[in-house]
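# Structural characterization, general
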Amino acid sequence: MDKKVKAVRELYEREVSIRSKSDKIRWEAYNLVGHRLKELSACNDCPVPELRPYSSEGTKAVDTLVKGLMSAMMSPNSRWFGCTVVPRKYVQGQSPVDDMEYTSYVVKSMMNEFSHSNVYAESEMTAKDSVIGGYSCLFIREDDKGITNFQTLIPWRCWFDTDMFGNPNAFFYRYTLDGYQMLERFPDMDEEKRRQCSRNPSGQKFDMLFAVVDRKMMFDEDGSSLIFSKNMKYAALQISLNDDTIIEESGYRDFPVVIHVWEKDSDSHYGTGLVMKYISEFRKLRKLGLELGISIEYINHP
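Okay, so let's go over this structure. If you're wondering where the values come from, they're calculated on a predicted model, not measured in any experiment.

## What to know about the pattern of salt bridges
Taken as a whole and judged by the stated rule, the model has 16 salt bridges. Put simply, Asp-63 and Lys-128 hold a salt bridge, and the shortest N to O gap is 3.0 Å. Of this pair, Asp-63 sits in helix 3 (residues 57-73) while Lys-128 is found in helix 5 (residues 119-133), placing the two residues 65 residues apart along the sequence. By relative accessible area, which is 23% here, Asp-63 ends up partly exposed. The shortest N-O distance in the salt bridge between Arg-185 and Glu-248 comes to 3.8 Å. Here Arg-185 is found in helix 6 (residues 179-185), whereas its partner Glu-248 is found in strand 9 (residues 245-252), with 63 residues between them in sequence. Exposure remark for Arg-185: the relative accessible area of 38% places this residue in the partly exposed category.

Written out as structure tokens, the structure is:
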């Protein structure tokens, strides 16, 4: 096995082990409020069976809370992201611009960037993910036109690690591609891998792991530093778990995923959501809804 793949897999498997301790209650919380049911039903390794909520009160409570968060997010008083602008003399063309004008220019540029992106549409889903399951993952990327796009990732496919200050320094996303998708997504694959994808493109399934790691934290067994993406702070690897090979290696200057943890948990850095915290109350709501439905059915059809 390649040394880089081995180091990344060890870190990934460690995160899988850490999160697995709270996975069952996390996905039950999703079920109890009817969140992401389509994705959960398509999840082959989901730790809990699909549940019928029977009561919409829990869903309404979560929706009301999230709508309140979204309205607060639009206010400049709400700290939904952090930004520090350091005024300095800025020269635009040939005319000097003073500090206040430069600060105004930066703020307008930021708001213009957000306005042309889908951040507000995606933020509602990320808010629900964190309120219910404790954390959410928002992937940031630029399209061909240079416009920033945000994509909310399915939480149970995501794992991450943090440094001593709670800042994320590693991220893992697991997904599946068939042969056609592999050839389209990775046109620069080596010839042997291309032939493998072409043999039975629709019938083959490739278990893929997208890993973003701080290259300075990756070491070999003997303690020597592994060389990842020299010119980038964060290395990005597309790894085929079928045969533990690197399909693509690139990098990022900044961490490409926004990870929000609702409430810190002493057991792990994946946090606790409000629904997880009060899951016994949501279980009672589900039971009451079921009993009410049975009672109504009995009255109508004694």
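## Describing the nonpolar core
Within the largest apolar cluster, 60 residues are counted, with the highest numbers of intra-cluster contacts made by Cys-137, Phe-171, Phe-172, Met-182, Phe-186, Met-208 and Phe-210. It is helix 1 (residues 3-32) that contributes the most residues to this core, 10 residues altogether. Non-local contacts of Phe-172, meaning those with residues more than four positions away in its chain, are made with Val-8, Leu-11, Tyr-12, Glu-15, Arg-157, Cys-158, Trp-159, Leu-209, Phe-210, Ala-211 and Val-213.

## Quick word on the sheet that holds strand 3 (residues 135-142)
Strand order in this open sheet of 3 strands is 4-3-10, and the pairing throughout is antiparallel. Each end of this open sheet is capped by a strand with a single partner; those strands are strand 4 (148-152) and strand 10 (257-261). Across this sheet, the average inter-strand angle for adjacent strands is 25°, counted without regard to direction. Pairing geometry for strand 3 and strand 10, over 5 bridges, is antiparallel. Bridged to Ser-136 within strand 10 is His-260. Lying on the sheet, helix 5 is in contact with strand 3, strand 4 and strand 10; it crosses strand 3 at an angle near 155°.

## Notes on the side chain of Asp-178
By the element assignment, Asp-178 lies in strand 6 (residues 168-178). Within the buried set, Asp-178 has no salt-bridge partner at all; the shortest N-O distance to an opposite charge, 4.6 Å, is to Lys-205. Among the polar contacts listed, one links the side chain of Asp-178 to the backbone nitrogen of Gln-181, at a separation of 2.8 Å. Residues contacting Asp-178, with those up to four places away along its chain left out, are Pro-201, Ser-202, Gln-204, Lys-205 and Phe-206.

## With respect to the packing of helix 1 against helix 5
Each packed pair of helices is defined by two parameters, the angle between the axes and the distance between the axes. As a packed pair, helix 1 and helix 5 sit with axes 9 Å apart at the nearest point and diverge in direction by 120°. As summarised for this structure, helix 1 and helix 5 are arranged oblique, according to the angle between their axes. Mapping the contact onto sequence places Arg-26, Ala-29 and Tyr-30 in helix 1 and Asp-129, Ile-132 and Gly-133 in helix 5. For the contact of helix 1 with helix 5, the residue count by class is 3 nonpolar, 1 polar and 2 charged.

## Overview of unusual backbone geometry
Its identity as a non-glycine residue notwithstanding, Asp-244 has a phi of 55°, on the positive side. Assignment of secondary structure puts Asp-244 in the loop between strand 8 (234-240) and strand 9.

## Quick notes on the sheet that holds strand 5 (residues 158-162)
With respect to topology, 5 strands assemble into an open sheet ordered 5-6-7-8-9, the strand pairing being antiparallel. Each edge of the open sheet is held by one strand with a lone partner, namely strand 5 and strand 9. For this sheet, the mean inter-axis angle between neighbouring strands, taken without regard to orientation, is 15°. Strand direction decides the pairing type here: strand 6 and strand 7 (residues 205-214), joined by 9 bridges, are antiparallel. Bridged to Thr-176 within strand 7 is Asp-207. Here helix 1 sits on the sheet in contact with strand 5, strand 6, strand 7, strand 8 and strand 9, set at roughly 100° to strand 5.

Rules behind the numbers
Residues numbered from 1 in each chain as written. Predicted model: local features only at pLDDT ≥ 70, side-chain atom pairs only at ≥ 80, totals over all residues. Heavy atoms only, no water. Salt bridge = Lys/Arg side-chain N within 4 Å of Asp/Glu carboxyl O. Helix = DSSP H or I, 4+ residues; strand = E, 2+ residues; numbered from the N terminus. Buried < 20%, exposed > 50% of the residue type's maximum accessible area, 1.4 Å probe, protein only. Core = buried A, V, L, I, M, F, W, Y, C linked by side-chain atoms within 4.5 Å. Contact = heavy atoms within 4.5 Å. Pairing = 2+ DSSP bridges. Axes fitted to C-alpha atoms, helices over the stretch in contact; angles between N-to-C directions. Lys, Arg positive; Asp, Glu negative; His and termini not counted. Polar contact = N/O pair within 3.5 Å; in protein donor to acceptor, adjacent residues only side chain to side chain. Parallel < 35°, antiparallel > 145°, perpendicular 65-115°, else oblique. Nonpolar A, V, L, I, M, F, W, Y, C, P; charged D, E, K, R; others polar.

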